[in-house]
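Descriptive analysis of the structure
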Amino acid sequence: MTFLSEPRSDAAPGAVSARARFEPLLLALLATLFVTLVGLRGSDATGIANSDDLMRLVEVRDLLAGQSWFDMHQYRLGLEGGTLMHWSRLVDAPIAAIVMAVTALTGDPALAEAAAKIIWPALTLIFAMAALMTACARTGNAAGRLPVAVVGAVALWTTGAFSPGALDHHNIQIALSLWLLVCLLPGSRPVLAHGFAGLVAVLMIAIGMEVMPYVALAGLYVTLRFAFGFARPAELRAFGGAIAGSALAVFLATVAPANWGYDACDAFSSFHLVVGGMAGLGLVVASFAAGMAARFAALAALGVAVAGLVVLAFPHCLANPLAGLDPRLKTFWLEGVIETRSLADLWAADPFQIVGLYGMALCAFAVSALSLRRGRPLPRGQAVAFLSFLAMGIAVTAWQQRGFIFAAAFAILPLGFWIVRLREAMPAQRGLSDSLRLAAVWAVSLNLVWWIAGAQAANLFASAPTLQQQAASVSARDYCYTADLYAPLAAEPAGVVLGATDIGAMVLLHTGHRAVAGPYHRNTAGNLLLIDAMLSGPDAARATLAAHGVTLIADCLNGADGFDFIAAAPNGLQAALRSGTLPDWLEPVPATVGEPLVLYRVRP
């Protein structure tokens, strides 16, 4: 394989300019085309849809139907009155714009939604690839564009966050996290880069709180570099000023004036405005400190002040938002969420998946750690940044496996730079050992190789099918994730549907009913109603459902919830639905008998 490199100094100036301009764009577009086409090819394969992608489309529909920009209620989820969602209009808006534009061109809203499912992930991937190409430019690694693009395309594809249909916020969060890392790397135009990093950090928090560890790390990284004299005051000033200004702008743009005093912890609110504004302005003030002792004193004072503000004014935001969940929700919902599994859970239940989740990131971590000691193959300044973000990504993945999508993204640049440094150090005429060494470095830098290795190990040594193997053979229809199953439900008079949490978004997307349950921590009351009803005896369940106006029950026969409910309460309503002897207050919808999703009308 050949590598692109900087044009020779005797090349024509026009050729140099054209190549520098179009090469990064071409690589970004090719990477996006690869991920999109592979995703489209696999779109008809087995597997189930992501509930968050479905719910995002429901939110976009509501916004286009006239729901207020500031109103984040999902009125058809949960008990009467709906559920206040913790998501952001900052993601709804561009998807809605795509749907509006394609609808205006074609007159077909369904086609517009289908186009948005392809266009939005592709746009976020181009944005992520642009960050990687910018990193090559900022660090003087133009020769690394091709390996970075290849490693990046494969890594971002394997996260699944950029495949067609991915409307959730994970793809834009990955792209923004890459921009955050790229802007903090030692390189050209550091003041402008730090200012952009401050803006990116606020946008990340505004879109979703799961990125808080990386934003906090970025703040610590910038302040320590300034304290030790590795960053100029102007860089800290730009970073802090951008945070304060962006926090105010995002707050005004996304929070209704009536809610300015509402201090939610899991969605952008006055808490984030106050803390972000104080921290940002405090960094601006601290940037004027002269001398190492004064810099440390100023930053320490700021840290104490911000911590004190949080403890005194927002102590509830220090707790894990899921820690206070009702024990029933933990048992019948949270413990079954695959993406929240810890490293210990994986080791006990699916150890072969650890290879794919951690392999690439650990390899990049090792390269960065060795560079920190030796100064090669990566410069020490870059190694510090890569090591910091990789350590945080790996730690978050050990806590909840969904962190791997960020850990893999942070591994792209150090591995891509490693490849090009190794190639540059080799003679023009490579021997067999050189070629084998380069091939090995390429192999361990590609995330797909790690996933294949884990799958092959599972095939050889696993005593039972792993979750990954099970997921590969899942039928979307059998697990109630195809639209045709909801046609009979859509034909019923508008009402309230009791069904498993996993199908709540499908009910909202394909029918006009209200779904009692859905996989969202803010829908506590609705999810508890599902659990209580399914565990109760039929007579007690009837009274409970009548009190909340439930008119229909949707039973997904292969859903995990149902089996859990039957095991916990053999005489409960869920067990009665599967027993063949229905309570007299229920009648099956004839068109659904024998289907994976069976519907029952609740007789008045």
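Parameters at a glance
- Residues numbered from 1 in each chain as written.
- Predicted model: local features only at pLDDT ≥ 70, side-chain atom pairs only at ≥ 80, totals over all residues.
- Heavy atoms only, no water.
- Core = buried A, V, L, I, M, F, W, Y, C linked by side-chain atoms within 4.5 Å.
- Buried < 20%, exposed > 50% of the residue type's maximum accessible area, 1.4 Å probe, protein only.
- Helix = DSSP H or I, 4+ residues; strand = E, 2+ residues; numbered from the N terminus.
- pLDDT = per-residue confidence, 0-100.
- Contact = heavy atoms within 4.5 Å.
- Pairing = 2+ DSSP bridges.
- Disulfide = S-S within 2.5 Å.
- Axes fitted to C-alpha atoms, helices over the stretch in contact; angles between N-to-C directions.
- Parallel < 35°, antiparallel > 145°, perpendicular 65-115°, else oblique.
- Salt bridge = Lys/Arg side-chain N within 4 Å of Asp/Glu carboxyl O.

1. A few points about the nonpolar core
Formed by 152 residues in total, the largest nonpolar core has its most connected members in Met55, Leu156, Leu413, Tyr486 and Leu597. By residue number, the principal contributor to this core is helix α16 (residues 404-425), which donates 15 residues.

2. Regarding the confidence of the model for the protein
On average, residues of the protein score 91 in pLDDT, and 93% of them are at 70 or above. Contacts for the low-pLDDT stretch residues 1-15, under 50 throughout, to residues beyond four places or in other chains number 20 contacts.

3. Quick look at the sheet that holds strand β4 (residues 514-515)
Taken in spatial order, the five strands of this open sheet run β4-β3-β5-β7-β6, and their pairing is mixed. The outermost strands of the open sheet, each flanked by one partner alone, are β4 and β6 (586-588). Summarising the sheet, β6 and strand β7 (residues 597-602) pair through three bridges and their orientation is antiparallel. Paired with glutamate 587 across the bridge in β7 is arginine 601.

4. A short note on the state of the cysteines
A complete count under the given rule lists two disulfides for this structure. Across the disulfide, cysteine 265 is cross-linked to cysteine 317 (sulfur-sulfur distance 1.9 Å). Here cysteine 265 and cysteine 317 share a disulfide; its torsion about the S-S bond, -80°, makes the bridge left-handed. Taken together, the residues span a long stretch of sequence, with cysteine 265 in the loop between α9 (233-254) and α10 (270-286) and cysteine 317 in the loop between α11 (292-313) and α12 (327-332) at a distance of 52 residues. Cysteine 136 takes part in no disulfide bond, and the closest cysteine sulfur to it belongs to cysteine 183, at a distance of 14 Å.

5. With respect to the packing of α16 against helix α17 (residues 432-445)
Two elements in contact, α16 and α17, have axes whose closest approach is 10 Å; the angle formed by their N-to-C orientations is 175°. Between α16 and α17, the interaxial angle falls into the category roughly antiparallel. Along its contact with α16, which presents Leu415, Trp418, Ile419, Leu422 and Arg423, the element α17 presents Arg437, Leu438, Val441, Trp442, Val444 and Ser445.

6. Digging into the environment of valine 311
For valine 311, the location among the structural elements is in helix α11. Taking relative accessible area as the criterion, valine 311 reaches 48% and is therefore assigned partly exposed.

7. Description of the pattern of salt bridges
Enumeration over the complete set of coordinates arrives at 18 salt bridges. Glutamate 113 is the partner of arginine 61 in a salt bridge, and the nearest nitrogen-oxygen pair spans 2.7 Å. Placement of the pair is arginine 61 in helix α2 (residues 51-64) and glutamate 113 in helix α4 (residues 109-138), with a sequence separation of 52 residues. For glutamate 113, a relative accessible area of 15% corresponds to the buried category. Its salt-bridge partner being arginine 421, residue glutamate 424 comes within 3.3 Å of it at the nearest N-O pair. Pair noted here: glutamate 424 and arginine 421 are both in helix α16, with a separation of three residues, about one helical turn. Taking the relative accessible area as the measure of exposure, glutamate 424 reaches 47% and is therefore partly exposed.

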